[in-house]
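Coordinate analysis (summary)
Given next are the chains, with one letter for each unit.
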Amino acid sequence: MVVHRSPADRTPPGQILTEKWPVLHYASVPPVKLAQWRFRMSGLVEQPLDLGWQEFRALPAVSLTSDFHCVTTWSRLDNTWEGVRFQSLLERTPPRPAARHVMVRALDGYATNVPLLTLLEDDVLLAWSWNGKPLEAEHGGPLRLVVPRLYGWKSAKWVCSVELMEHDRRGFWEERGYHNRADPWREERYSYQETGDE
Ligand SMILES: Nc1nc2c(c(=O)[nH]1)N[C@H]1C(S)=C(S)[C@@H](COP(=O)(O)O)O[C@H]1N2
Ligand SMILES: [Mo]
């Protein structure tokens, strides 16, 4: 049986639905030339990965629809993303047994940390398309991370590398007062709310 949840049921506490798609980043849109673009995977992996754009696009692609929740209180439902599941990357580049955490880095100098288990969820992907169109540069094109179950700052735009780590380290906003875990259903917005189990 397919259960259709209403928009209200899909809106976490303290969030307001928007049909528009706001643009949010701390600096400016980095220039990207696809011919020079690289995606690297390093740290606790059996073999480091270094792919060019054509190689990345040749990975198995999926189309997934999910909701997006930004800590500044807007949520946008039903975004259809096309890209590569994070799972697929790890099938290609198996993690070492000690890997527990991931630092995701972007071309504007941004970084965000996510637990490896969260990135292995079915709905997490590195996306190059949104609602049937190529992902616009201001929204993270050519490639961004999408982690629907966490606040939007974990969905890094202009992704260029991921580092698998044993111990957790905090990313850009996590070091500047935002919550390490960032689950919108628990309203984990700020670091002062942390209890130590994240
Ligand atoms: N590289 C990078 N990724 C980023 C950011 C950023 O400043 N730099 N901002 C984050 C924040 S705070 C949010 S809410 C989302 C916004 O994505 P959007 O601009 O596509 O709506 O991107 C996230 N990813
Ligand atoms: Mo955000």
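You'll find the structure just up there.
Residues numbered from 1 in each chain as written. Chains lettered and ligands numbered in written order. Predicted model: local features only at pLDDT ≥ 70, side-chain atom pairs only at ≥ 80, totals over all residues. Heavy atoms only, no water.

Some words on the overall build of the chain
- Within the chain one finds 3 helices and 11 strands.
- Helices and strands in the chain line up, N terminus first, as β-β-β-α-β-β-α-β-β-α-β-β-β-β.
- The C-alpha radius of gyration of the chain comes to 16 Å, within 12% of the 16 Å expected for a compact globule of 198 residues.
- Across its three principal directions, the C-alpha atoms of the chain cover 45 × 40 × 40 Å.
- Looking at the chain as a whole, 48% of its 198 residues are labelled buried.
- Long-range contacts, defined here as pairs at least 24 residues apart, represent 67% of the contacts in the chain between residues at least 6 apart.
- When the accessible surface of the chain is split by element, carbon and sulfur atoms take 51% of a total near 10100 Å². (Helix = DSSP H or I, 4+ residues; strand = E, 2+ residues; numbered from the N terminus. Rg over C-alpha atoms; globule rule 2.2 N^0.38 Å. Buried < 20%, exposed > 50% of the residue type's maximum accessible area, 1.4 Å probe, protein only. Contact = heavy atoms within 4.5 Å. Areas by Shrake-Rupley, 256 points an atom, 1.4 Å probe, with all protein chains shown as cover.)

Brief notes about the pattern of salt bridges
- In the structure shown here, the tally under the stated rule is 17 salt bridges.
- Salt-bridge contacts for Arg149 lead to Glu121; the nearest nitrogen and oxygen are separated by 3.6 Å. Residue Arg149 is located in the loop between β10 (144-146) and β11 (159-165), and its partner Glu121 is located in the loop between α3 (116-119) and β8 (125-130); the two are separated by 28 residues in the primary sequence.
- A relative accessible area of 29% means that Glu121 is categorised as partly exposed.
- The salt bridge partner of Glu188 is Arg186, with a shortest N-O separation of 3.8 Å. (Salt bridge = Lys/Arg side-chain N within 4 Å of Asp/Glu carboxyl O.)

With respect to the site of ligand 1
- Of all residues adjacent to ligand 1, which total 20 residues, the nearest are Pro22, Asp108, His139, Arg144 and Lys157.
- Between ligand 1 and Trp21 there is a distance of 3.3 Å, counted from an oxygen atom to a side-chain nitrogen or oxygen.
- Looking at the shell around ligand 1 residue by residue, the classes come out as 13 nonpolar, 4 polar and 3 charged. (Near = heavy atom within 4 Å. Polar contact = N/O pair within 3.5 Å; in protein donor to acceptor, adjacent residues only side chain to side chain. Nonpolar A, V, L, I, M, F, W, Y, C, P; charged D, E, K, R; others polar.)

Thoughts on the environment of Gly140
- If you trace the backbone, Gly140 turns up in the loop between β9 (133-134) and β10.
- Relative accessible area serves as the criterion here: at 0%, Gly140 is assigned to the buried category.
- Sequence-distant contacts of Gly140, that is, excluding residues within four places in its chain, are made with Leu135, Lys157 and Trp158.

Observations regarding the side chain of Thr93
- Here Thr93 is to be found in the loop between α2 (86-92) and β6 (101-106).
- Overall, the relative accessible area of 3% leaves Thr93 in the buried class.
- Ignoring sequence-local partners within four residues, the contact set of Thr93 consists of Met41, Val45, Gln47 and Leu49.

So, the pairing of strand β3 (residues 49-52)
- As paired strands, strand β2 (residues 38-43) and β3 are joined by 4 bridges and run antiparallel to one another. Its bridge partner being in β3, Phe39 is matched across the sheet by Leu51.
- Where β2 folds back onto β3 in an antiparallel hairpin, the turn is made up of 5 residues. (Pairing = 2+ DSSP bridges.)

Let's talk about the side chain of His139
- Along the polypeptide, His139 turns up in the loop between β9 and β10.
- Residue class for His139 comes out buried when judged on its relative accessible area of 5%.
- Residues in contact with His139, not counting those within four places in the same chain, are Trp21, Pro22, Val23, Arg144 and Lys157.

Considering the packing of aromatic side chains
- One pass over the full model with this rule turns up 16 aromatic pairs.
- Judged by centre distance (6.3 Å) and plane angle (85°), the ring pair of Phe56 and Trp128 falls under edge-to-face. Residue Phe56 is located in helix α1 (residues 53-57), and its partner Trp128 is located in strand β8; the two are separated by 72 residues in the primary sequence.
- Residue class for Trp128 comes out buried when judged on its relative accessible area of 7%.
- Site record: aromatic cluster; members linked through ring pairs are Tyr26, Tyr110, Tyr151, Trp153, Phe172, Trp173, Tyr178, Tyr190 and Tyr192.
- A cation over an aromatic ring shows up here: Arg57 above the ring of Trp128, its NZ or CZ 3.9 Å from the ring centre.
- Here the basic side chain of Arg176 rests over the ring of Phe172, its NZ or CZ set 3.8 Å away from the ring centre. (Phe/Tyr/Trp six-rings, centres within 6.5 Å; stacked < 30°, edge-to-face > 60°. Lys NZ or Arg CZ within 6 Å of the ring centre and 35° of its normal.)

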